[in-house]
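The residues making up each chain are set out below.
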Amino acid sequence: METPKWIPSEEEREVMEAVWMQIKGACEKLKEETNAQDEHIRKMLQEMADRYCS
């Protein structure tokens with residue numbers, strides 16, 4: 001059975017944009033303060049998504 005495609009409302013888009021800006025800032029700070037590379041951050045974000053969104 002196919003699930004319907006989710007289309008976010010304008011308010012939901014604004015929330016996602018605000019969250020994305022916070023995540024982006026935190027990732028940049030992590031890269032500045034540690035030796036983490038993009039692949040490390042990508043893996044960390046994927047693990048968080050898997051844990052909290054599944």
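Above this text you will find the structure in question.
Everything quoted here is computed from the prediction, not taken from an experiment.

Peer 1: Please provide a residue-by-residue account of the overall build of the chain, values included.
Peer 2: Helix and strand counts for the chain stand at 2 helices and 0 strands. At 14 Å, the chain has a C-alpha radius of gyration far larger than the 10 Å of a compact globule built from 54 residues. Projecting the C-alpha coordinates of the chain onto the three principal axes gives extents of approximately 45 × 25 × 15 Å. Within the chain, buried positions represent 7% of all 54 residues. Accessible surface computed for the chain: about 5,400 Å², of which carbon and sulfur atoms make up 55%. Of the side-chain charges in the chain, 8 are positive and 13 negative, and the distance between the mean point of each set is 4 Å.

Peer 1: Could you give an account of the pattern of salt bridges, naming the residues involved and the relevant values?
Peer 2: Within this structure, the stated rule accounts for 1 salt bridge. Here Asp38 ties to Lys31 by a salt bridge, and the two come within 2.7 Å at their closest N and O atoms. The class for Lys31 is partly exposed, based on a relative accessible area of 31%.

Peer 1: Provide a residue-level description of a negative patch on the surface, including the pertinent values.
Peer 2: Taken together, the side chains of Glu10, Glu11, Glu12 and Glu14 present a region of like negative charge at the surface. Within the secondary structure, Glu10 is located in helix 1 (residues 10-33).

Peer 1: Could you give an account of a nonpolar patch on the surface, naming the residues involved and the relevant values?
Peer 2: A cluster of nonpolar side chains, Val15, Val19, Trp20, Met21, Ile23, Met44, Leu45, Met48 and Tyr52, forms an exposed patch at the surface whose accessible area comes to about 830 Å². Within the residue set of the nonpolar patch, elements represented by two or more residues are helix 1 and helix 2 (38-52). Considering every element that reaches the nonpolar patch, the biggest residue donor is helix 1, with 5 residues.

Scoring rules and cut-offs
- Residues numbered from 1 in each chain as written.
- Predicted model: local features only at pLDDT ≥ 70, side-chain atom pairs only at ≥ 80, totals over all residues.
- Heavy atoms only, no water.
- Helix = DSSP H or I, 4+ residues; strand = E, 2+ residues; numbered from the N terminus.
- Rg over C-alpha atoms; globule rule 2.2 N^0.38 Å.
- Buried < 20%, exposed > 50% of the residue type's maximum accessible area, 1.4 Å probe, protein only.
- Areas by Shrake-Rupley, 256 points an atom, 1.4 Å probe, with all protein chains shown as cover.
- Lys, Arg positive; Asp, Glu negative; His and termini not counted.
- Charge placed at Lys NZ, Arg CZ, Asp CG, Glu CD.
- Salt bridge = Lys/Arg side-chain N within 4 Å of Asp/Glu carboxyl O.
- Patch = residues over 30% accessible without salt bridge, like charges linked within 9 Å, V, L, I, M, F, W, Y side chains within 5 Å.

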